[in-house]
Amino acid sequence: MLSTTLRTRWVTFVGSFVALSLGVALIAVMGLALASSLDAPGRGPERFAVAPVIVKGQDTLEVPAPIGDRTQKLAQPRAVPDDAVAKLRDLGTVVEDRSFAVRSEGGPADLVGHPWSTAAFAPYQLDAGRAPEAADEVVVSGDWARPGTRVRTDGGTVRVVGTVAGLGFENAVFYTDTRAAELSPRSLQLVVDADAAAVREAVRGSEGVQVLTGDARRYADADPDRDSEALTAMNAMFGTAGGVTGFVSVFVVASTFAFAVAQRRREFGLLRTAGATPGQIRRMVVSEALAVGVLASAAGCVLGSYGAPVLAEWAVNESLAPRWFTIGDYTWPYHMAFWTGLFVALCGVLAASWRAGRTGPTEALREASVDTRPMTWGRWLFGAALLITAAVTLALALVTNPGDLLQRKTYVSRPMLLITAVALLAPVLVRPLARLIAWLPAQLPGAGGMLVRENAAAGVRRTAAVAAPVLVTVALAGSLLGATATLNEAKATEVREQTAADFVVTPAGDAGFDEATLKRLQAVSGAEVSASSSSAVYVLEDGMALIRSDARAVEPEPLAATARLPLTAGKVSDLDDDSIIVNEEWEKHAVGERVDVWLGDGTRKSLKIAAVMTIGTGNNGVYVTPRNAPAAPVDRVDVRLADGADTATVAAGLSQAVRVSGGEVLTRDAWVRATYPETNRTTRMGFFLVLGIALLYTGISLANTMVMATSDRVRELAVLRLAGATRWQVLRMVGAEALMVVMVGGLLGALVAGLNLLGMWSALGLLSVWTSIEIPWATLAAAMGTCAVLAVISAVAPAGLALRRRAVELAGTPE
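These numbers come from a predicted model, not from an experiment. (Residues numbered from 1 in each chain as written. Predicted model: local features only at pLDDT ≥ 70, side-chain atom pairs only at ≥ 80, totals over all residues. Heavy atoms only, no water.)

1. Observations regarding the overall build of the chain
Test applied: Helix and strand labels come from DSSP, where a helix needs a run of H or I of at least four residues and a strand needs a run of E of at least two; each type is numbered from the N terminus. Throughout, exposure labels follow a simple rule: accessible area from a 1.4 Å probe, protein chains only, divided by the maximum for the residue type, with under 20% read as buried, over 50% as exposed, and the rest as partly exposed. The criterion used for residue contact is that any of the two residues' heavy atoms lie within 4.5 Å.
Helix and strand counts for the chain come out as 24 helices and 23 strands. Here the chain, with 815 residues, has 49% of them falling under the buried criterion. In the chain, of all internal contacts separated by at least 6 residues, the share reaching a separation of at least 24 is 80%.

2. Observations concerning the confidence of the model for the chain
The condition is simple: For every residue, the predictor reports its confidence as pLDDT, a number between 0 and 100.
The share of residues in the chain with pLDDT of 70 or more is 81%, and the mean pLDDT across the chain is 81. Contacts of residues 1-8 to residues separated by more than four positions or lying in other chains number nine contacts, the stretch itself having pLDDT below 50.

3. Looking at the packing of helix α3 (residues 82-91) against helix α5 (residues 196-203)
Stated formally: Note on geometry: axes are C-alpha line fits, over the in-contact stretch for helices, and angles between N-to-C directions span 0 to 180 degrees. Orientation is classified from the angle alone, with under 35 degrees giving roughly parallel, over 145 giving roughly antiparallel, 65 to 115 giving roughly perpendicular, and any other angle giving oblique. Note on convention: the crossing is left-handed when the near helix lies turned anticlockwise from the far helix by less than a right angle, right-handed when the turn is clockwise. Polarity classes work like this: nonpolar for Ala, Val, Leu, Ile, Met, Phe, Trp, Tyr, Cys and Pro, charged for Asp, Glu, Lys and Arg, and polar for all others, with Gly in that last group.
Where α3 meets α5, the axes come as close as 9 Å, and the angle between the chain directions of the two elements is 155°. What the angle tells us is that α3 and α5 run roughly antiparallel. Crossing geometry of α3 relative to α5 is assigned as right-handed. The residues of α5 that touch α3, namely those facing A84, K87, L88 and L91, are A198, V199, A202 and V203. Along the lines of polarity and charge, the residues of the contact of α3 with α5 split into seven nonpolar, no polar and one charged.

4. Remarks on the sheet that holds strand β4 (residues 94-97)
This is how the line gets drawn: When DSSP finds at least two bridges between two strands, those strands are taken to pair.
The strand order across the open sheet formed by four strands is β4-β12-β1-β13, and the pairing between neighbours is antiparallel. A strand with exactly one partner marks an edge of an open sheet, and here the two such strands are β4 and β13 (210-212). Direction aside, neighbouring strands of the sheet carry axes that sit 25° apart on average. Running at roughly 15° to strand β1 (residues 53-56), α5 makes contact with β1, β12 (189-192) and β13 of the sheet.

5. Considerations on the packing of helix α11 (residues 408-424) against helix α22 (residues 727-766)
Where α11 contacts α22, the axes come no closer than 10 Å and their chain directions differ by 140°. Considered as vectors, α11 and α22 are oriented oblique to each other. Like other packed secondary-structure pairs, α11 and α22 cross with a definite hand, here right-handed. For the pair α11 and α22, the contacting residues are Y411, R414, P415, L418, I419 and V422 in the first and L748, V752, L755, N756 and M760 in the second. Here the residues of the contact of α11 with α22 are counted per class, giving nine nonpolar, one polar and one charged.

6. Brief notes about the side chain of Q58
Our working rule: Distance and chemistry together define a polar contact, namely a pair of N or O atoms within 3.5 Å, with one atom able to donate a hydrogen and the other to accept it when in protein, and with adjacent residues in sequence counting only for side-chain atoms on both sides.
By the secondary structure assignment, Q58 is in the loop between β1 and β2 (60-63). Overall, the relative accessible area of 9% leaves Q58 in the buried class. Among the polar contacts made by the side chain of Q58, one reaches the main-chain carbonyl oxygen of T60 at a distance of 3.2 Å.

7. Quick notes on helix α12 (residues 426-437)
Defined as follows: A helix is expected to reach a length of 1.5 Å times the quantity of its residues less one. The directions considered for the arc are those from the helix axis to the C-beta atoms.
The terminal C-alpha atoms of α12 lie 15 Å apart, and with 12 residues this matches the ideal 16 Å at 1.5 Å per residue to within 8%. Buried residues of α12: A426, P427, V430, L433, A434 and I437, and no others. Burial along α12 is one-sided: seen end-on, the buried residues are contained in an arc of 120°.

8. Describing the side chain of T153
Residue position: T153 is located in strand β9 (residues 150-153). In this structure the side chain of T153 is engaged in a polar contact, spanning 2.6 Å, whose partner is the backbone oxygen of G156. When residues no more than four places from it in sequence are discounted, the contact partners of T153 are V102, R103, S104, V158 and Y175.

Put into structure tokens, the structure is as follows:
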């Protein structure tokens, strides 16, 4: 029986096989990638590979808590104390290290400057030219410039006098030690040529000072944790992609297998007429699914073993993974993918098999393919339950913690629940949507439009099954990209509304503005200047978690003139050296209360709350005075025009004031555009990976399901030919039906995306941020267009092949 069914229903079984094998392959690929990103290989020092001993100032805040010490990186690391440096100089040669960003015309975007005296510790060796001797001379790594080249940088025009071979971990620019000290006045770490034990004894008693030797010297590199951070980002990316891929795979496979069983209603009726019991039919359906499931899952694992290295290579090429990242030798992802595929295949036919077993003998006598009861009680129950759950969880989140809806893990996972609910209830929505979409074509002369409408409305199961992949693709694209775009626009709206300045001046380098430049800016006639610095404060909440809050250090009077803070209590003018402005997210946020905080350099202090801001999108940090942000360089100057001041004159004066040190003068609108928040690159690429996989897989599944559906309508198409329709009329009707089904899926997907974005918009409103809902129309149109092309080709091609036979022969073809 099984072999006979496989021969006669080969299109159906091939379609199920393709859907399942691809789904298993995707799960295996993501599992292998995730497993390979769990551990990083050991890493040694890079810039200081041959340095004897490194002494580093305090760069970590450590606070004791009942559950153990809590730590955070300091916003303003401390330099090695002067008395300790003096003791170290008595032990041997001391070289001060400095690192600072360098912006240039024509050079790499990630240039970093160092003193030439530190080059020997990597070691860098000259391969052309000589060492720098004057302030305008540099040595560069790599081959982007040769000796004699003049390069414009944010620190002035320099001449390349030598080159060193790049070592792979940075693009370096080496200045003389004197010039490097001018560009980066603070030195946070030293290289000491002395015995390590003597060095430790010399710095004993200096708070937070670290002595690094051996492999620990890597902590003196610019980004010692970059590999582990990259792996964490990859874990998040592959975890998100794996979760979404698993959901899409399970969703499409279950839908495909259930549709494959529903197609065979008349076949089951004939078997019942011949005396088959319901149990025999159920066992036959399950055994078929088991056979296809085992073969397809095995094939999917093989495909996954070839696909995973391709994904790893792509991640490395896109700089999303370290250069060493490859797929490891793991077996558990194959087991997970295989058994998940087999389980989903069996679950996909389980409910359908019960319906198949209840098929009565009279079903074999039915000529109409009208779905009289497309929704079972189970489907009603689960669909309604999921829809209610989605609504209740959204309402609870809006009432209790609307900020949670802005978190990536939330707006990535929340659409899945709603997609499943709408897909289960799709048969209820398909008929009215199909009639609505086809209403106008049905009014046109001829029977084509009417047939398209009635065929789609009558074959509800078929329409819902074909529309399911489109629903998933459109819902995911709209929800994920729309959520990030809406959140970015909300953040930009916050910045725009909170900035009352007419101009914003930013420095050219990381060192900030020096005192001379600040005095020139403050001396510009007609300008009210507010200089501020980036810093941070830390607070121990509930005695358990050490929380970092970004801070801006600014004088209260200029702040009040150039900013419109979203205050709920207090006044900006009450800010002083003994107080702080916080937001409502803080555990203590009542005006007048005192909070114990640690400043950006680790100093502990008790401050009084002067004012409280709304939470907003999470970017409303805290405000302190410059005295509470020690060593934080001024990295932004807001300028407001005085009454009667001329805009052009003030702009020219500001530009002249920063001409020597370098800087950029922007109008408020230009500055908002320049600092418009963008989604983290890893997150963005992760979303494109998810959507690319979803579009690829659902596209193939759409084509697959459409071929299955069209091949099952051979007799129906033959009847149309016998009724007088030409071959091209039938093909046009089939193509129009495919387009309409894609539109049904697209509308259902847009409904899901719209509901998800509406929830985020409501959360933003409750957080006092009113912005527009951003819908990725171009992406949705591209996804819909791709699905439409695939659907039409997959429907018309098998129909065209079938119609090459005589209509009388097709009408007698058994189903």
